[in-house]
Every structure is written in structure tokens, then in C-alpha cells.
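Structural description and commentary
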Amino acid sequence: MASGARAAESEDRTGSPGWGGEKAVSAPGGDGAAAGTPKSKAWSVVASPRPVKAKAGREAARRRLQLLPVTQAQGPGEGAAEEEGEPLPSVPEEAEAQAEARPLPPICVSPMRGMWREEKVALYCDQVLQDCKAEDADEAMSKYLSEKLKLKDRWLGVWKTNPELFFVKYEEASIPFVGILVEVTCTPHQSSTSCFKVTVSVAEPFSSNIVNIPRALVDEILEELEHCVPLLEVHPVEGPDSEIRDIALALEVVRFFYDFLWRDWDDEESSENYTALIEERINLCCDIQDGTIPGPIAQRFRKTLEKYKNKRVELIEYQSNIKEDPSAAEAVECWKKYYEIVMLCGLLKMWEDLRLRVHGPFFPRILRRRKGKRDFGKTITHIVAKVMTTNMVKDLSSDTFLQQHDDLDLALDSCYSGDTVVIFPGEYHAVNLALLTDDIVIKGVGKREEIRITSEPSHDSFVVSKADDVKLMHLSLIQQGTVDGIVVVESGHMTLKNCVLKCDGTGVCVLTGAALTLTDSEITGAQGAGVELYPGSVAVLERNEIHHCNTLGTSDSSKSTSGGVSVKVLPAPKLNMTNNHIYSNSGYGVSINQPTEQFFIVEEALHKGAASGDSKDESVLSKVMQNLNLEMNDNKIEANLKGDVRIVTI
């Protein structure tokens with residue numbers, strides 16, 4: 001977009017995320033054109049001028065509006081389309097007396113919510129962007145929106161803005177936005193790259209999601225904003241005209257592009273095929289939306305993207321507060337914030353690369369060093385129980401060194417290589433299970449269902465190991481809200497024996513170069529596969545039950561392939577499966593995932609098995625398994641929604 005349009009809003013007074021108000025971010029000591037410079041999305045709405053009232057009176061009125069945690073029911077207004085039945089919040093009684101605002105009418109529901117990914121790709125890549133370069137994306141979006149706005153020159157809309165404009169004090173949960181019904185009049189412009197401006201006036205009858213917001217205050221706020229608010233904060237009201245629906249779709253297309261598809265670094269880096277990059281980002285959004293990427297993993301991406309945006313804002317604000325030449329301390333702080341942004345930018349790029357997203361971890365989970373053995377060479381058996389009795393240790397040899405803990409975390413923190421942690425029945429939490437670096441044995445005493453270890457929902461990881469040889473036996477692991485798999489073998493070897501794993505996110509993940517031995521255990525409830533084998537990993541699965549995995553339903557059933565065991569190829573992992581029962585999973589019992597560029601493995605098998613008639617599929621599968629070092633013997637694979645064993649290209 002033209003520089004004039006980008007600079008149209010030099011200050012984000014509305015607080016609307018992503019639209020205008022960002023000052024140039026540059027590497028400390030550089031200029032505004034350096035890497036990381038954000039774009040100002042400056043389409044705007046201009047209100048018709050009104051007489052300016054005294055600023056002191058305006059400030060006094062705003063001071064009176066302190067929203068308390070009290071709401072008055074006024075019936076479902078605009079929220080009828082989104083949050084039906086929610087009562088409208090109100091300002092305190094001391095606000096000046098006036099007629100109450102009417103409920104907001106329903107806004108147009110965006111058809112983008114029901115679009116398939118192919119439709120979104122066609123819309124953005126073929127219709128809107130049309131093979132443009134990243135630096136021309138602004139102009140392409142402007143041209144698209146400009147054409148749609150010509151369809152109707154006058155329409156009703158709901159202006160949704162930040163409550164901070166109206167309230168000095170409010171509860172964010174009770175009022176996510178202030179909505180005002182406005183009448184919009186479009187004004188055509190000669191250049192598609194110029195700043196969009198349309199006239200706005202408060203529509204009759206006066207309507208808002210705030211039951212008794214003063215009409216005068218709304219007028220004053222518009223005056224304070226110099227009668228200019230971001231166009232993308234205006235949502236067309238539902239109506240019979242197809243033109244209104246087209247305008248609503250166009251606005252949503254632009255919002256979605258800048259919220260989810262655009263990255264601040266796009267026009268700073270050369271990209272030979274920008275629309276291909278946009279297609280990858282659309283696929284990422286759709287994979288998150290339809291559950292192909294399990295919820296907890298998707299949450300990691302959202303957290304990373306949100307953290308990136310927040311860090312950019314922090315740097316912008318910090319730079320803007322430096323009035324003169326920065327001191328040495330200020331320069332160092334700028335560099336620190338800048339490199340945090342660069343690191344987060346790198347992580348987000350990994351997410352967008354399908355091969356990295358599918359086949360590898362994004363960063364190490366464990367940064368702690370191994371302790372190794374104790375200096376005096378002895379090992380200790382750690383007893384985890386509220387009270388230790390002689391009966392608990394009667395089977396141990398007389399020369400065993402013992403330590404008793406009533407907290408599993410303390411026991412794990414006290415371990416050195418060679419130690420054993422013995423856990424007696426009870427309920428436990430242990431964040432140190434995500435930091436297993438030493439070769440230890442963790443085992444329960446009694447029935448495995450009685451030794452319950454539950455994850456901390458506020459932490460990303462539950463059980464993570466990079467030890468050469470760590471063992472978990474006779475335990476129940478209960479996952480609650482953690483982002484990573486219930487167990488992640490980052491490197492080295494892990495043994496899970498006679499354990500129950502009740503997943504809330506993904507299942508057991510064996511990363512590249514790591515090894516897993518899983519025996520006599522049960523895995524259930526994973527949102528993805530029960531066991532995920534990354535390229536180059538090794539796994540032995542014997543006498544296990546893996547069932548009811550891939551529980552998060554997807555809107556695109558063709559993407560719902562993961563189920564019991566998911567094998568990711570490039571290079572191929574090694575898998576030996578014997579006497580396992582894999583059943584009632586929403587995807588396949590066993591899925592073998594190959595990138596499209598590695599399809600030669602399947603293609604070769606197809607050519608050699610083409611003459612086998614009805615036995616073609618079995619011949620192909622047998623050939624692929626032979627090529628991939630997969631051994632499957634005496635397994636019972638049944639009642640899986642998509643099928644038993646399948647080769648899937650990704």
C-alpha cells in the first residue's frame with residue numbers, strides 16, 4: 001500500500017489489535033525500514049463533523065463511566081448471533097440520566113466460517129492476490145476491498161471498538177468490546193491504494209451492547225478520534241441485500257488475511273512464490289481449525305504467535321519512550337527485545353514449513369544438564385509416601401540407601417543416575433517429570449490404577465526424557481491440559497511397562513533419534529495418535545491396548561488419519577509391533593505417513609504389485625512395510641473408524 005495509507009494512523013487510539021498505530025520497529029540503531037518493520041493497516045472510517053465540546057466536560061464524563069461487575073438484562077441484542085441470551089452490561093447509576101440504548105441488531109455471519117480449505121486457497125491465491133509479490137499484497141487487498149465497497153454506497157453497521165475508549169475501569173470478561181450502531185456512507189476514491197474513507201453517523205434508533213451508555217459520550221468520542229475509526233472495526237448489519245453480504249465477506253477476507261495469513265516480515269524477505277506461502281498458512285489455519293493438529297499443539301502455536309505480537313508491541317513502546325539518544329542500558333534492552341522477536345519469528349517460520357511442522361520438534365523441551373552418578377558412587381532408593389513404614393522396605397536389601405519423601409517432585413529433584421524412585425498409592429503431581437535427564441527407574445508399588453500422577457495444566461509438558469535409559473513402571477499418568485504429548489522421548493531410550501496413559505492432548509511421541517519400549521500398557525483418549533513415531537526413531541510395542549484415540553472430531557474427515565499408531569517417514573523409523581490390541585480409534589489403526597515428495601516408495605510398490613489383482617493393496621502394504629523396517633506380528637487391529645492399516649501421503 002502507498003506510504004500515505006500506511007501512515008494514516010500514527011497512533012492506535014482504539015486499541016484494536018493489528019490495525020494501524022504501530023510505529024516502525026527496527027533493529028536497534030537502524031532505521032524504520034529495517035527487518036521487522038510492521039505494516040500499518042490504515043483503512044479507516046471518517047465520521048461526519050460535529051461541534052466540538054469542552055474537553056474538560058468530556059474527560060469528566062469518561063471518569064464517570066467505570067463499569068462495575070453488575071449487568072442489567074436487556075434481551076439479546078447484537079449478541080443474538082454470537083452469544084444468545086447474554087445480558088447487556090451497564091454503566092453505574094451515577095451516569096447521567098438518558099433513554100436506554102436499544103439492543104444491537106445481528107451482524108452478517110461470515111460465510112468464511114463454512115469454507116473448505118480449497119475454497120479459501122482459491123479465494124486468496126486466485127482471486128485476491130493473483131500471484132502478486134509480498135510487497136504488493138497491500139495493494140491487492142486494497143483493490144479487492146475497494147471494488148466490493150462500490151456495490152452499495154450506504155449501509156448500516158456495528159462499530160466494535162476497545163472498551164478503553166469509553167471506560168476508565170471495567171472487567172474485560174464482562175465487556176469484550178463496545179458496539180455502536182452506525183450508518184455508513186461510502187465515498188469512492190481515484191486510487192485503490194489510497195486510504196478508504198467513509199462517512200459515519202450514529203444510526204437511529206440509538207443502539208449499543210451497553211444498556212445505558214450516554215449518547216453524548218459516543219458523539220464526543222468520535223470527535224476525540226477526529227471522526228476516524230478503522231474500517232475493519234465496522235461489521236455490516238444483516239439484511240436481505242446480497243451486496244451487504246458481499247461487503248461483509250470482503251471485510252472478513254481482509255481481517256482474516258492480516259490476522260492469520262500476513263506476517264510482519266513478509267515484505268522484508270524475498271519470496272519467489274508468495275501465494276504458495278499463503279497457501280501453506282491457510283493449510284496451517286485449517287489444520288488447527290479442523291483438529292488435524294491436536295488442540296494442545298495448536299495452543300502452542302497460538303501462544304508463540306501471541307507472544308511474538310506482544311514482544312513487538314513491547315519494543316515499539318520501549319523505543320517510543322526513548323526521547324533522546326539512547327543510553328548504553330537502553331540500547332542493550334532494545335537489542336534484547338529485538339532478538340527475542342527474531343527467535344520467535346524463526347519458530348513461527350518452522351510452523352509454516354509443512355515438513356518441519358510434521359516431522360520434527362521445534363525446540364528442545366529439556367535444557368537441564370545430566371547430573372550423572374554421585375561422587376561416592378552409591379545409589380539411593382527414594383520412597384515416595386506420606387509416611388514410611390518398615391513394611392514398605394522389607395523386600396529391600398539391608399545395604400540399600402533410603403530416602404523418604406512425601407512429594408514426588410522432591411524425590412525426582414534428588415535423583416542421580418542409577419537411583420530408583422518407589423511410589424506408593426496416592427495422587428501426585430510432578431513438574432520434574434518433564435526434566436528427566438538421568439538414568440533412573442520410577443515404579444509404583446501396588447495396582448497401577450492406584451498410583452495416579454496428574455500433569456499440571458499450566459505447564460507445556462508432562463513427561464519428557466532425554467536420558468540414555470529411563471524406566472517408568474506400574475503407574476497411571478493422567479494428562480490435563482499440557483501442550484506436548486503425554487510422554488515425549490526427546491532422545492535416548494525410555495521404557496514404559498504396565499502403565500495406564502490417559503491422554504488429554506497428543507499421545508506418546510518418540511522424536512527423531514530416540515527409542516521407546518512400550519509393553520503391557522494402555523493408551524487412550526489422545527487427540528492425535530496414541531503413539532507417534534517421528535522419522536529416524538525406534539520403537540518396540542508389545543502386548544499393549546491402544547484405543548479411543550484421535551478423539552477430537554474434524555470437519556474435514558479426509559484429514560482424520562491418525563489413530564492408534566502413526567509412523568512418519570523421512571527417514572523411516574524402525575517399528576516392531578507384537579500382540580497389541582488397537583481398536584475403536586477415530587482414524588486408522590496404524591497410519592504410515594509419507595510426504596508427497598517421498599511417494600516413490602509407494603509408487604515403486606504399486607508398479608511391482610499391479611498384476612496381483614484383488615491382492616494389490618496387501619501387496620503394496622507388504623512392500624512398503626518391508627522397505628520401512630516395520631515388523632507387525634500377531635496384532636489385533638479392529639473397529640477403527642477409517643480402517644486398520646493405511647499409507648497416507650501428507
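Residues numbered from 1 in each chain as written. Predicted model: local features only at pLDDT ≥ 70, side-chain atom pairs only at ≥ 80, totals over all residues. Heavy atoms only, no water.

What follows deals with the side chain of Thr-578. Inspection of the secondary structure assignment puts Thr-578 in strand E28 (residues 574-578). Accessibility expressed as a relative area gives 19% for Thr-578, which makes it buried. Thr-578 has contacts with Leu-541, Glu-542, Arg-543, Asn-633 and Asn-635, leaving out every residue within four places of it along the chain. (Helix = DSSP H or I, 4+ residues; strand = E, 2+ residues; numbered from the N terminus. Buried < 20%, exposed > 50% of the residue type's maximum accessible area, 1.4 Å probe, protein only. Contact = heavy atoms within 4.5 Å.)

Turning our eyes to something else, we now look at the pattern of salt bridges. Within the structure shown, the criterion is met by 23 salt bridges. Note that Lys-150 is salt-bridged to Glu-147, the shortest N-O span being 3.4 Å. The closest approach of N and O atoms between Arg-154 and Glu-183, which form a salt bridge, is 3.6 Å. Here the residue Arg-154 occupies a position in strand E4 (residues 154-161), and Glu-183 occupies one in strand E5 (residues 178-186), the gap between them amounting to 29 residues. A residue is classified by how much of its surface remains accessible, and Arg-154, at 44% relative accessible area, is partly exposed. Given a relative accessible area of 29%, Glu-183 falls into the partly exposed group. Here the salt bridges share partners, and the residues they tie into one network are Lys-311, Glu-314, Glu-333, Lys-336, Lys-337 and Glu-340. (Salt bridge = Lys/Arg side-chain N within 4 Å of Asp/Glu carboxyl O.)

This brings us to the nonpolar core. Tyr-124, Trp-159, Phe-166 and Phe-257 are the most contacted members of the largest nonpolar core, which totals 61 residues. When contributions to this core are tallied by element, the ones reaching two or more residues are helix H3 (117-129), helix H4 (137-149), E4, E5, strand E6 (198-202), helix H5 (215-224), helix H6 (242-261) and helix H7 (274-290). Ranked by residues supplied to this core, first place goes to H6 with 12 residues. Within the second largest apolar cluster, 53 residues are counted, among which are Ile-440, Val-489, Leu-496 and Cys-549. (Core = buried A, V, L, I, M, F, W, Y, C linked by side-chain atoms within 4.5 Å.)

Going through the model one piece at a time under the given rule, you end up with 12 aromatic pairs. An angle of 65 degrees between the planes, with centres 6.4 Å apart, marks the rings of Tyr-258 and Trp-262 as edge-to-face. For the residue pair Tyr-258 and Trp-262, the accessibility class agrees, reading buried in each case. Ring centres 5.5 Å apart and planes at 70 degrees place the aromatic pair Tyr-338 and Tyr-339 in the edge-to-face group. Look at Tyr-338 and you get buried, because its relative accessible area is 13%. Through successive ring pairs, a cluster of aromatic residues spans Tyr-124, Phe-256, Phe-257, Tyr-258, Phe-260 and Trp-262. Across from the ring centre of Tyr-318, 5.7 Å away, lies the NZ or CZ of Lys-337, which sits over that ring. (Phe/Tyr/Trp six-rings, centres within 6.5 Å; stacked < 30°, edge-to-face > 60°. Lys NZ or Arg CZ within 6 Å of the ring centre and 35° of its normal.)

Taken in spatial order, the 10 strands of this open sheet run E10-E9-E11-E13-E16-E19-E22-E25-E28-E31, and their pairing is parallel. Unpaired on one side and paired on the other, strand E10 (401-405) and strand E31 (630-633) mark the two borders of the sheet. Strand-to-strand, the axes of this sheet are offset by a mean angle of 10 degrees, without reference to chain direction. Bridge count between strand E11 (residues 420-423) and strand E13 (residues 441-444): 4 bridges; the pairing is parallel. (Pairing = 2+ DSSP bridges. Axes fitted to C-alpha atoms, helices over the stretch in contact; angles between N-to-C directions.)

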